[in-house]
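Survey of secondary and tertiary structure
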Amino acid sequence: MKVHTIFILLCILWGMAFSSHPFPSNHLLLNYFKGRNVLSVTYYSCRSDSHKLTREFNKENVPVIVLTNTEVRPVLLTSKNGVIVDLSCDFVPDLLDFSLQNYLFREIISWIFIGEDGTTNYELLIESFIPISSEVVIFTPIFNDPTSSWNIFSIYKVTEKSEMNFTPILYTSEDNVVSLTSLYETTKRKNLNGSKIRATIAFHYPHRLTKYDDLRMNYIDTATKTTYQFLMNLATDLNFTYDLTQTDSYGFLKNGSFTGLMGHLERKEIEVGIASSFLRKDRLPIVEYISESFIIRSPLIFRQPSLASVSNIYALPFGLSVWVSLIALIVILILAQILLIAMPIMRNEASLLDSFSIVLSAVSQQGFSRDSFRFSWRILHFITFLSFYFLFSSYSANIVALLQSPSNALKTISDVTHSNLKVQVQNKEYNPVLYEESTDPAVIELFLKKIKPFGAKGYEDAEVGVKNILTGRFAYQIEAHTAYKIISNTYTESEKCGLKEIESVKIPRHSIPIVRNSSYRSIFRERLMWQRETGHFDVNIKRWVTQKT
């Protein structure tokens, strides 16, 4: 009995000991979470009166899960949730380690830490890396205030090695209502204090690089140079600089790991890639995409064969309407000749058969030996021969135009595959990968018959490939903006006629990659979206990307 009584007393004293720690009112915490639009709350507690908080939150339809260890429930990882942590609990170091390793300090989770300044767990929290994109606040009591007021600070670090930033949110008594206006001020963090962020820029043609902003070579690595402008504007906007490295590969999965830029992101050597990267399924486990940059087209460009080489151009002008009109003209002229010859004054001048002879002579562009002094017959002769003169002139002009006209014989990828054209592809790193991964039967057939058998000769530099198009014997797949720039510089206006584009492989959308679970993800995404909405993206794209003229 004595042992049992002693045990109960110890339990009561244990509960009183933990309950003696200062704690904000439930009403204050509830109002804070309402200001953050929190849907549910996880409460890490070692207090004996945690049921009171649960009861009050439930009255306001905010469910609460009370945990006494570092267990993480799935509800914690869904938007939008709140977490309350009592810094007086012994398991706080383990909880902090777990949260940092699993990137739980993110914008979709609103954290409240409650504890006294100077305690071990408080100092441990301050030393931890709380990302700038997180929503973390700390409540510290003011012991010398008779109203039991609290200091509330929003805390974050710009980088792992920087000092913790304390932004005061509110100074209030427990009986007062939280002013929500002051809460939203903590979401506007736009100053990275001149910190350096590691980044890698990728070029397909590093040997042709002059300067990152050289518009004279805007058709070389256009995607990277345009993205560079976006991210330079971002650095100016948020007050940071880049610790920049360069690579000649965007990176693809080889032997279980990524090469190039993607390899740097996979190994977390950098924070962001200064490049427009494809949205690919195999990259999603290691990167996230913060903003779409622009869409690249890479059509197959070639000269259509001449119309004379694929059809009988001499018969092309004679459509059904032409035949009907011609026969109608001949019939009308013959009838006019017959009516005139049938008149009494013309009986000794010509016979009825002469009306057919005259019209046939005009049709065949031959003269007529018989002449007449009758003015009416001369006028009819003149009209007859003039009509067929204009007919032959129009026909000749049409033939000349058709001789110079391209055909429309090649309309699809299959038509190109079964033609006598040779096919080359711009020597970009991604083109062999996209052809190998294509599921389109027509593209697969083109690759197997026209590209793969020639090996490295199937891939050519842009200038050489566009020049080969002029010969009429090559089809060349190239990024459209690059082709337009070279064509505008090297082709005459007449040589641009007859060029045809057919979409072959589908180019995935381009977006800016950032390391997965980056602390800068949300703030970078927000400010890049701002650039798009204010027209900065469109200005840079029009400046760097050559349009078709």
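What you are looking at is a predicted structure, and each value in this text was computed from that prediction instead of being measured.

Moving on, we get to helix 3 (residues 50–59). Buried within helix 3 are the following residues: Ser50, Leu53, Thr54 and Phe57. The buried residues of helix 3 all sit within an arc of 100 degrees when viewed along its axis, so they share a single face. Phi turns positive one or two residues past the end of helix 3, at Asn61, with a value near 60 degrees.

On to empty space enclosed by the protein. Applying the stated criterion across every chain yields a total of two cavities of 30 Å³ or more. Its boundaries defined by the atoms lining it, the largest cavity holds a volume of some 130 Å³. Listed by contribution, the elements that provide at least two residues to the lining of the largest cavity are helix 7 (222–238) and strand 13 (277–278). Take the lining of the largest cavity: its biggest share by element is three residues, from helix 7. Partitioning the lining of the second largest cavity into residue classes produces three nonpolar, two polar and three charged. Counting the residues that make up the lining of the second largest cavity, at least three belong to each of domain 2 (196–295 + 509–544) and domain 3 (300–305 + 407–503).

What follows deals with the UniProt feature "transmembrane region" (unreviewed entry) in the chain. According to UniProt, the feature "transmembrane region" (unreviewed entry) maps to residues 314–342 and 379–403 in the numbering used here. Taken end to end, residues 379–403 has its terminal C-alpha atoms 36 Å apart, with 100% of it in helix and 0% in strand.

Orientation of helix 2 (residues 26–35) relative to helix 3, taken along the N-to-C sense of each, is 45 degrees, at an axis distance of 10 Å. Judged by the angle between their axes, helix 2 and helix 3 are oblique. Judged by the sense of rotation from one axis to the other, the crossing of helix 2 with helix 3 is right-handed. Within the contact between the two elements, helix 2 uses Asn26, His27, Leu29, Leu30 and Phe33 and helix 3 uses Lys52, Leu53, Glu56 and Phe57. Its residues placed into classes, the contact of helix 2 with helix 3 shows five nonpolar, two polar and two charged.

What follows is about a nonpolar patch on the surface. Together, Phe375, Ile379, Phe382, Ile383, Leu386, Tyr389 and Phe390 line one region of the surface with nonpolar side chains, adding up to about 750 Å² of accessible area. Positionally, Phe375 belongs in helix 12 (residues 375–403).

Counting 66 residues, the largest nonpolar core has Leu192, Phe240, Tyr242 and Phe524 as the members making the most contacts within it. Dropping the residues within four chain positions of it, Phe240 is found in contact with Leu192, Gly194, Ser195, Ile197, Leu234, Ala235 and Phe524. With 24 residues, the next largest nonpolar core counts Val83, Ile109, Tyr122 and Val136 among its residues.

What follows deals with the side chain of Thr384. With respect to the element layout, Thr384 can be found in helix 12. Other than its neighbours up to four places away in sequence, Thr384 contacts Leu333, Gln337, Val359 and Ala362.

Rules and cut-offs
- Residues numbered from 1 in each chain as written.
- Predicted model: local features only at pLDDT ≥ 70, side-chain atom pairs only at ≥ 80, totals over all residues.
- Heavy atoms only, no water.
- Buried < 20%, exposed > 50% of the residue type's maximum accessible area, 1.4 Å probe, protein only.
- Helix = DSSP H or I, 4+ residues; strand = E, 2+ residues; numbered from the N terminus.
- Arc of directions from axis to C-beta.
- 1 Å grid on protein atoms, 1.4 Å probe; cavity = no way out; pocket = protein on both sides within 12 Å on 5 of 7 lines; lining within 4 Å.
- Points joined across faces, edges and corners; volume = space filled by probe spheres on them.
- Nonpolar A, V, L, I, M, F, W, Y, C, P; charged D, E, K, R; others polar.
- Domains from an automatic or database assignment.
- UniProt positions renumbered as here; feature names shortened; annotations may be inferred.
- Axes fitted to C-alpha atoms, helices over the stretch in contact; angles between N-to-C directions.
- Parallel < 35°, antiparallel > 145°, perpendicular 65-115°, else oblique.
- Left-handed = near helix turned anticlockwise from the far one by under 90°.
- Contact = heavy atoms within 4.5 Å.
- Patch = residues over 30% accessible without salt bridge, like charges linked within 9 Å, V, L, I, M, F, W, Y side chains within 5 Å.
- Areas by Shrake-Rupley, 256 points an atom, 1.4 Å probe, with all protein chains shown as cover.
- Salt bridge = Lys/Arg side-chain N within 4 Å of Asp/Glu carboxyl O.
- Core = buried A, V, L, I, M, F, W, Y, C linked by side-chain atoms within 4.5 Å.

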